[in-house]
Amino acid sequence: MSFPRDRHLVVAAALVDDLARPTRLLAARRHATSQAGGWEFPGGKVEAGEEPLAALHRELAEELSLPITVGPEVRGPMSDGAWPIVEGWRIRVWLAVPARTDVRPGPAHDLLRWLGADELGSVPWLPADDAIVVVLRSLMAPASAHF
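Everything in this summary refers to the structure shown in the same document. Small disclaimer: the values here were computed from a predicted structure and weren't measured. (Residues numbered from 1 in each chain as written. Predicted model: local features only at pLDDT ≥ 70, side-chain atom pairs only at ≥ 80, totals over all residues. Heavy atoms only, no water.)

Side note on the overall build of the protein chain
Inclusion rule: Helix and strand assignments come from DSSP, with helices taken as H or I runs of at least 4 residues and strands as E runs of at least 2, each series counted from the N terminus. Atoms counted for the radius of gyration: C-alpha only. Globule rule: 2.2 Å times residue count to the power 0.38. Buried, partly exposed and exposed residues are distinguished by accessible area as a fraction of the type maximum, computed with a 1.4 Å probe on protein chains only: under 20%, between the cut-offs, and over 50%, respectively. Should any heavy atoms of two residues lie within 4.5 Å, those residues are counted as being in contact. Note on areas: these come from Shrake-Rupley sampling with a 1.4 Å probe, and a residue is covered only by the protein chains present in the view. When charges are counted, Lys and Arg contribute as positive and Asp and Glu as negative, whereas His and the chain ends are disregarded. Positions of charges follow a simple convention, taking NZ of Lys, CZ of Arg, CG of Asp or CD of Glu.
Helices and strands together make up the secondary structure of the protein chain, namely two helices and eight strands. Element order for the protein chain, N to C, with α for helix and β for strand: β-β-β-β-α-β-β-β-β-α. What you see for the protein chain is a C-alpha radius of gyration of 14 Å, in line with the 15 Å of a compact globule of 147 residues. Projected onto its principal axes, the C-alpha coordinates of the protein chain cover approximately 45 × 30 × 30 Å. Of all 147 residues assigned to the protein chain, the portion counted as buried reaches 45%. Sequence-distant contacts, at least 24 apart, represent 68% of the contacts inside the protein chain between residues at least 6 apart. Carbon and sulfur atoms make up 56% of the accessible area of the protein chain, which amounts to about 7500 Å² in all. Across the protein chain, the 15 positively charged side chains and the 19 negatively charged ones have centroids separated by 1 Å.

A closer look at the pattern of salt bridges
The cut-off we apply is this: Any carboxyl oxygen of Asp or Glu within 4 Å of a side-chain nitrogen of Lys or Arg constitutes a salt bridge here.
For the structure shown, the criterion picks out ten salt bridges. The closest approach of N and O atoms between Asp110 and Arg29, which form a salt bridge, is 2.8 Å. Of the two residues, Asp110 sits in strand E8 (residues 109–116) while Arg29 sits in strand E2 (residues 24–30), which places them 81 residues apart along the sequence. When its relative accessible area of 36% is taken as the criterion, Asp110 is described as partly exposed. By relative accessible area, Arg29 is classed as partly exposed at 26%. For the salt bridge of Glu73 with Arg92, the shortest nitrogen-to-oxygen distance reads 2.8 Å. Remark: Arg92 occurs in strand E7 (residues 90–98) and Glu73 occurs in strand E5 (residues 68–74); sequence separation between them is 19 residues. Linked through salt bridges whose partners overlap, the residues forming this network are Glu50, Arg58, Glu59 and Glu62.

Notes on helix H1 (residues 52–64)
To keep things clear, this is the line we draw: Here, expected helix span is obtained from the residue count minus one, scaled by 1.5 Å.
Its 13 residues give H1 an end-to-end C-alpha distance of 18 Å, which sits within 8% of 18 Å, the value for a rise of 1.5 Å per residue. As for H1, its buried residues are in contact with strand E1 (9–15), strand E4 (43–45), E5, E7 and E8. With its phi angle positive at about 50 degrees, Ser65 sits one or two positions after the end of H1.

Structure (structure tokens):
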């Protein structure tokens, strides 16, 4: 099936330690572009003819050399479940579990940190991700509750 190019769609993974009962979330700090120093979810732009989930897998392989298991979408307020980023752009986010926990930064990031629910406010998230972080915090269980 072919998909039309959606030049204004970005996809990202909210990488967690467990899809059913997440206690930790992986945050990635940008080191290139005007957003250097801001923390975000790994991902990137959907390419011409690419399905969003295929783009998500491609981006995580390119950015972190990381296969993932994708879980449910973290649906935003837009009609397609996306979250607004900047004028004309939107992002779709899925919960995902990395195939391994020894994740290292790739070309777009200089630092990665696993954060518990109570630590999500300890990094300066990119402004577009703030509302997503609020929803993710509500989905996360305290680390002590994980069996």
